[in-house]
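What follows is the residue order along each chain.
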Amino acid sequence: MEVVFFITSSPILTVNEDANYSYQVTVSDDDLIHGDTHIYSLISGSSRGLSINASGLLSATPISPLNNNTDISVIVRVTDNGSPSTFIDQTFTIDVVPV
């Protein structure tokens, strides 16, 4: 039987330019009681200064527009170490607001 896990958090979609950005990715997974863990990775967005840590905190300090492009396309991936290993992606766009 396949156990499905979900990203339950909603990203912050707007940030003022030159401000800090942070978003805690949270997951609901029934297999955690069986010892499963999650690996958080950033598939898209690192070129704009975003990073994600082992606990799922996505952040950038500070965040700025790039060549007047105020949108940052982001894909966060959460991988479950169960057998078989599965993953889920969360795709969103951060709008960097010029100040």
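In what follows, the structure referred to is the one given above.
Here the structure is a predicted model, which means the values were calculated and not measured. (Residues numbered from 1 in each chain as written. Predicted model: local features only at pLDDT ≥ 70, side-chain atom pairs only at ≥ 80, totals over all residues. Heavy atoms only, no water.)

Draft legend 1. Looking closely at unusual backbone geometry. Backbone geometry places D18, a non-glycine residue, at a positive phi of 65°. You can see D18 is positioned in the loop between β2 (14–16) and β3 (19–24). (Helix = DSSP H or I, 4+ residues; strand = E, 2+ residues; numbered from the N terminus.)

Draft legend 2. Structural detail: the sheet that holds strand β8 (residues 71–80). Ordered in space as β2-β9-β8-β5, the four strands form an open sheet in which the pairing is mixed. Unpaired on one side and paired on the other, β2 and β5 (38–44) mark the two borders of the sheet. On average, each strand axis in the sheet is tilted by 30° relative to the strand beside it, whichever way the strands run. (Pairing = 2+ DSSP bridges. Axes fitted to C-alpha atoms, helices over the stretch in contact; angles between N-to-C directions.)

Draft legend 3. Inspection of the sheet that holds strand β7 (residues 57–63) at higher detail. On the basis of which strands lie adjacent, the open sheet formed by three strands has the order β3-β7-β6 and antiparallel pairing. Whereas interior strands pair on both sides, the edge strands pair on one side only; in this sheet they are β3 and β6 (51–52). Where β3 meets β7, five bridges bridge the pair, whose relative direction is antiparallel. Paired with S22 across the two strands is S59, which belongs to β7.

Draft legend 4. Examining the pattern of salt bridges more closely. Across all of its chains, the model carries one salt bridge by this definition. Taking the shortest distance from any N to any O, the salt bridge between D89 and R77 comes out at 2.7 Å. One end of the pair, D89, is in strand β9 (residues 86–97); the other, R77, is in strand β8, with twelve residues separating them in the sequence. Exposure remark for D89: the relative accessible area of 33% places this residue in the partly exposed category. (Salt bridge = Lys/Arg side-chain N within 4 Å of Asp/Glu carboxyl O. Buried < 20%, exposed > 50% of the residue type's maximum accessible area, 1.4 Å probe, protein only.)

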